[in-house]
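Listed below are the residues making up each chain.
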Amino acid sequence: MTPIIHSLLDTDLYKFSMWQALLHRHPTTQARYSFVCRNTSAYPLAELVPEVNRELDHLCSLSFRPDELAYLRGLRYLTSDFVDFLRIFRFQREFIEVRAQGDSLDIVARGPQVHVMAFEIFVLAIVNELYFRRFDATAALAEGRRRLAGKLDLLRDFGREPERRHPFELSDFGVRRRYSGAWQREVVSTLRDGAPRFFKGTSNVLLAKELGLAPIGTMAHEYLQTYQTLGVRLRDFQKAALEDWVQEFRGDLGIALTDVITMDAFLADFDLYFAKLFDGLRHDSGDPIEWGEKALAHYARLRVDPATKRLVFSDGLDLRRALAIYRHFADRTQMGFGIGTHLTNDMGLEPLSIVMKLRSANGQPVAKISDTPGKALCDDATFLAYLRQVFQVPAGAPALSPAHPGE
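Computed from a prediction, not measured in an experiment: that's the story for all the values here. (Residues numbered from 1 in each chain as written. Predicted model: local features only at pLDDT ≥ 70, side-chain atom pairs only at ≥ 80, totals over all residues. Heavy atoms only, no water.)

**Focus: the pattern of salt bridges**
Test applied: Each reported salt bridge corresponds to a side-chain nitrogen of Lys or Arg within 4 Å of a carboxyl oxygen of Asp or Glu.
Inspection of the entire model under this criterion finds 37 salt bridges. Shared partners join several salt bridges into a network, and the residues in it are Asp12, Lys15, Glu120, Arg176 and Glu222.

**A word on the packing of helix α1 (residues 13–25) against helix α11 (residues 237–249)**
Worth spelling out the cut-off: To obtain each axis, a line is fitted to C-alpha atoms, and for helices this fit is confined to the stretch in contact; angles are then taken between N-to-C directions over 0 to 180 degrees. Helix numbers and strand numbers start at the N terminus; a helix is a DSSP run of H or I with at least 4 residues, a strand a run of E with at least 2. With respect to orientation, any angle under 35 degrees is reported as roughly parallel, any angle over 145 as roughly antiparallel, any angle of 65 to 115 as roughly perpendicular, and every other angle as oblique. In what follows, residue pairs with any heavy atoms lying within 4.5 Å of each other are defined as contacts.
Axis separation between α1 and α11 bottoms out at 10 Å; the angle between their running directions is 100 degrees. With respect to α11, the axis of α1 lies roughly perpendicular. For the pair α1 and α11, contact is made by Ser17, Met18, Gln20, Ala21, His24 and Arg25 and by Asp244, Trp245, Gln247, Glu248 and Phe249, respectively.

**A closer look at the nonpolar core**
Our working definition: As used here, the term nonpolar core means buried Ala, Val, Leu, Ile, Met, Phe, Trp, Tyr and Cys residues forming a set that is joined through side-chain atoms within 4.5 Å. We call a residue buried when its accessible area falls under 20% of the maximum for its residue type, exposed when it is over 50%, and partly exposed in between, using a 1.4 Å probe and counting protein chains only.
Among the nonpolar cores identified, the biggest contains 140 residues, and Leu72 and Phe168 are the most heavily contacted of them. It is helix α6 (residues 119–132) that contributes the most residues to this core, 10 residues altogether. When neighbours within four sequence positions are excluded, Leu72 is seen to be in contact with Leu9, Phe16, Phe64, Leu78, Val83, Leu86 and Val205.

**A closer look at the pairing of strand β9 (residues 310–313)**
Defined as follows: For two strands to be treated as a pair, DSSP must find at least two bridges joining them. We call a crossover right-handed when, viewed with both strands directed away from the observer, the connection leading from the first strand over the helix to the second proceeds clockwise.
Summarising the sheet, strand β8 (residues 280–283) and β9 pair through 4 bridges and their orientation is parallel. Following the sheet pairing, Arg282 is matched in β9 by Val312. Each parallel crossover has a hand, and for β8 linked through helix α14 (residues 288–301) to β9 it is right-handed. Looking at chain direction, β9 and strand β10 (residues 334–339) are connected through 4 bridges and run parallel. Each residue of the ladder has a partner; that of Val312, found in β10, is Gly336. Crossover connection from β9 via helix α15 (residues 319–329) to parallel β10: handedness right-handed.

**A closer look at the sheet that holds β9**
Strands sit in the order β6-β5-β4-β10-β9-β8-β7 across an open sheet of 7 strands; the sheet is parallel. Edge positions in the open sheet fall to β6 (214–215) and β7 (255–257), since each of these has one partner strand only. Sheet topology places strand β4 (residues 170–172) next to β10; 3 bridges connect them, and they run parallel. Each residue of the ladder has a partner; that of Leu170, found in β10, is Phe337.

**Quick word on helix α4 (residues 80–88)**
Here is the rule: Comment: arc refers to directions from the helix axis out to C-beta atoms.
Taken residue by residue, α4 has Phe82, Val83, Phe85 and Leu86 as its buried positions. Looking straight down α4, one finds its buried side chains confined to an arc of 150 degrees; they lie on one side. In α4, the exposed positions that point more than 90 degrees away from the buried face belong to Arg87 and Ile88. Residues of α4 that are buried in the fold lie against α1, α3 (66–73) and α5 (113–116).

Written as structure tokens, this is what we have:
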């Protein structure tokens, strides 16, 4: 069978930005990432173990090609020394293990964080594509194309609405959730050609390079969670992570993720200094309208004009939901919408709800307490309780859970 991953650029942009920041500032961090499937698959994922191992063997044989390094060097926020590191980088097979655990698939990556953090997106793309190869491809692609045509029709209808103060901007965030790599390319190409007014980019660095699109992304939960283990006072970990980001990127990549320890706890740390230095905020859990209203109210309290800032929505969106959120805020602030599953795996088949998340760093647990019930993430109930106490998050807030399908 043809290998699934052909290029080390076939991943999300924010992997590179976080990778650079952590390489520069905390290169000795040891980390553990693990795979979780939250829903019931059509057949036991444990059956995929030999195929996943074969794909990882191939992944670990890849390196960045000269043209890929040249592309990365052309992104002004990636430094020359980081690209030089990527020039000699290869995944180490000894750092990732795949095995069956009953009917489940157990995948763990552990080792130096700068050597294991980039496994995540590739593992999820590999598992997804292997899983869906067992279904009727002809029927799935026919249904996918029918639904994609419907999305273009919806955008054309939307384009006839009166213009608002700020434009609607859509991006593809679907690498990890895709039906296949070839299908993601078809979806992104179709939207680029069929809806150029609204479709602005993709998180997939390879497709951005090859299709002439803007690569989109900043930070994910793992970046901020790592700071829970880096020796700063726990109450200050968000401030320390944001400060290091500002110093690393000097004004670029200015969208901050808000829901590692709930939006309210984030805003308590997001003072005027950060509000001026960051271009905006990203929503990834909780009610998007409520979240957006909190964000705009916070900017108003700080006397920062919300119209100069940007809210990015990326939590389990489909196109209709994105348009509804846009209509609510369109005259008040700039926005961006990142859609994953409902762009790259809308095929009439039940998608897998899979994630591969940071579980510990430097031998200490990390946690996430998001704004969606059941979306909290931690292996250690004692540490989670302590984190709730430190940030004054009520015990009745989101319950302990290994992952969430919207991620």
